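# Descriptive structure summary
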Amino acid sequence: MFLDFARALGGSSLSIWVQSHLWVTPLLQSIHIVMIGVVFVAILMITLRVLGRVGTDETFAAVWNRFSPWMWGGIGVMALTGLVLGIGEPVREASAMSFWLKMSLIVIGILSALAFGRSMRPLAYVGDTQQFSGGAKAVAAGTVVLWLFIIFLGRAIAYDVEVWGSLHLG
Amino acid sequence: MDLPGIVQLIHDSALSEWLRSSLKAMPIVEAIHVMTAATVFGTILVVDLRLLGWPGTKRSFSRLHGELVRWTWGAFVISVITGVLLFVVNSVTYYGNTAFRLKMLALIFAGVNMFVFERVTGRDVAAWDTGPTPSSARIAGALSLTIWVSVLFIARWIGFTKGYDFSIPDNVNLDLNFGQ
């Protein structure tokens, strides 16, 4: 079903425009990669604050308020650039197991960031890493690993058959 | 031996042969390169924005710099190792690729900018550690930001301009296949 939709999308005027203007894909991919740096390091900084490795002279709320707008803004730009990139090569994306796993993990990553921010934002003790339970620290560290895996899957789309073998959907 | 000869020697090496024949290794090497490049850029972005006075200058620059520099350098070292492996795979075409040469030039500029900052501008950091940054530090931050964004853009352009000096299996859809 998705592949049929992707084939139809590939014949749309927007898809053909992206495909026929060869500067569009590299430009959007470049912006996408810059945003990976912004989002990943914003998440890394928040996580390191939870672990008590950076910013312990500041409250968690101050660190969250500084980096979370970059995280959400970056995710927004990545969603837009990713959408146009997907429209440009819909069959390649829809037939890649890495693409669907990446999308699933992004949903989990966004939901966990929303839940984490909502539950942790009121915390305001300067320098006291004990305010975070072992569970909260594990979730924060797990979030970094999750986003590293998302980055891997983004690159693995080009090698889908090599990586997934018969699980490739094409 | 001249430089093109060395590049050809790298291309003909056993490591290069193995990486070319083992396409399972390539997505891992490429992905680690992207992860570490993103970490280098992101951590430098935080420091550069602090130099530019964003979101403010009250927090100690030395402390912020000290907290992030180990992440920047750690990621940079891994990025260089994976970058060398990517070069080894396709060395002859990388060597002749203009975007690749521009990226190397941009990295040298980034290094010079950092060196000048550490040795000249950053020497009197105690005077502005928790206050407004001097214009020389702001210029260093703006230059660094511009150079590192350029590095990422040029790096992505390499994928679309370099070509390959080996055959790509039909089931692997690399950048250059786009639009063909």
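Computed from a prediction, not measured in an experiment: that's the story for all the values here.

## A word on the overall build of chain A
Within chain A one finds eight helices and zero strands. Put simply, chain A runs from its N terminus to its C terminus through helices and strands in the order α-α-α-α-α-α-α-α. With respect to the principal axes defined by its C-alpha atoms, chain A has extents near 55 × 35 × 25 Å. Burial analysis of chain A (170 residues in total) assigns 38% to the buried set.

## Thoughts on the overall build of chain B
When helices and strands are tallied, chain B shows eight helices and zero strands. Along chain B, helices (α) and strands (β) appear in the sequence α-α-α-α-α-α-α-α when read from the amino end. Overall size of chain B, expressed as C-alpha extent along the three principal axes, is 60 × 35 × 30 Å. Put simply, of all contacts in chain B between residues at least 6 apart along the chain, 83% involve residues at least 24 apart.

## Considering the interface of chain A and chain B
Across the boundary between the two partners, chain A contributes 28 residues, which contact 30 residues of chain B. Ranked by residues supplied to the side of chain A that touches chain B, first place goes to helix α3 (residues 24–50) of chain A with eleven residues. Looking at side-chain class alone, the side of chain A that touches chain B contains 17 nonpolar, five polar and six charged residues.

## Notes on the nonpolar core
Residues Val39(A), Ala42(A) and Leu152(B) are the most contacted members of the largest nonpolar core, which totals 73 residues. Counting only elements with at least two residues in this core, the list comes to α3, α4 (60–88), α6 (97–120) and α7 (134–156) of chain A together with α3 (25–51), α4 (61–89), α6 (98–119) and α8 (135–161) of chain B. Counting residues per element, this core draws most heavily on α3(A), which supplies 15 residues. In this structure, Val39(A) is in contact with Met71(A), Gly74(A), Ile75(A) and Met78(A), ignoring residues within four places of it in sequence.

## Section: the packing of α6(B) against α8(B)
Residues and elements named next belong to chain B. Two elements in contact, α6 and α8, have axes separated by 9 Å at closest approach and are oriented at 160 degrees. The angle between α6 and α8 falls in the class roughly antiparallel. As α6 packs across α8, the resulting crossing turns out to be left-handed. Note on element contacts: α8 touches α6 through Ala140, Leu143, Ser144, Ile147, Trp148, Ser150, Val151, Ile154, Ala155, Trp157, Ile158 and Thr161, opposite Ala99, Phe100, Leu102, Lys103, Ala106, Leu107, Phe109, Ala110, Asn113 and Phe117. Partitioned by chemical class, the residues of the contact of α6 with α8 number 17 nonpolar, four polar and one charged.

## What about α4(A)?
Residues and elements named next belong to chain A. Taking 1.5 Å of rise per residue, 29 residues should cover 42 Å, and α4 covers 41 Å from first to last C-alpha, within 8% of that figure. Considered for burial, the residues of α4 that qualify are Phe60, Trp64, Arg66, Phe67, Trp70, Met71, Gly74, Ile75, Met78, Gly82, Leu85 and Gly88. For α4, the elements touching its buried residues are α2 (13–20), α3 and α6.

## Side note on the environment of Arg66(A)
Residue and element names in this part refer to chain A. Residue placement: arginine 66 occurs in helix α4. What makes arginine 66 buried here is the crowd of 21 C-beta atoms within 10 Å. For the pair arginine 66 and alanine 42, spaced 24 residues apart in sequence, the C-alpha separation works out to 8.8 Å.

## Topic: the confidence of the model for chain B
Residue and element names in this part refer to chain B. Chain-level statistics for chain B give a pLDDT mean of 90 and a share of 90% at 70 or above. Here helix α2 (residues 14–21) is the element of chain B with the lowest mean pLDDT, 90, and α4 is the one with the highest, 96. Model confidence for the complex is summarised by a pTM of 0.91, with the ipTM given as 0.91.

Definitions and limits used
Residues numbered from 1 in each chain as written. Chains lettered and ligands numbered in written order. Predicted model: local features only at pLDDT ≥ 70, side-chain atom pairs only at ≥ 80, totals over all residues. Helix = DSSP H or I, 4+ residues; strand = E, 2+ residues; numbered from the N terminus. Buried ≥ 20, exposed ≤ 12 C-beta atoms within 10 Å, placed from the backbone. Contact = placed C-beta atoms within 7 Å. Nonpolar A, V, L, I, M, F, W, Y, C, P; charged D, E, K, R; others polar. Core = buried A, V, L, I, M, F, W, Y, C linked by C-beta atoms within 7 Å. Axes fitted to C-alpha atoms, helices over the stretch in contact; angles between N-to-C directions. Parallel < 35°, antiparallel > 145°, perpendicular 65-115°, else oblique. Left-handed = near helix turned anticlockwise from the far one by under 90°. Expected span 1.5 Å × (residues − 1). pLDDT = per-residue confidence, 0-100.

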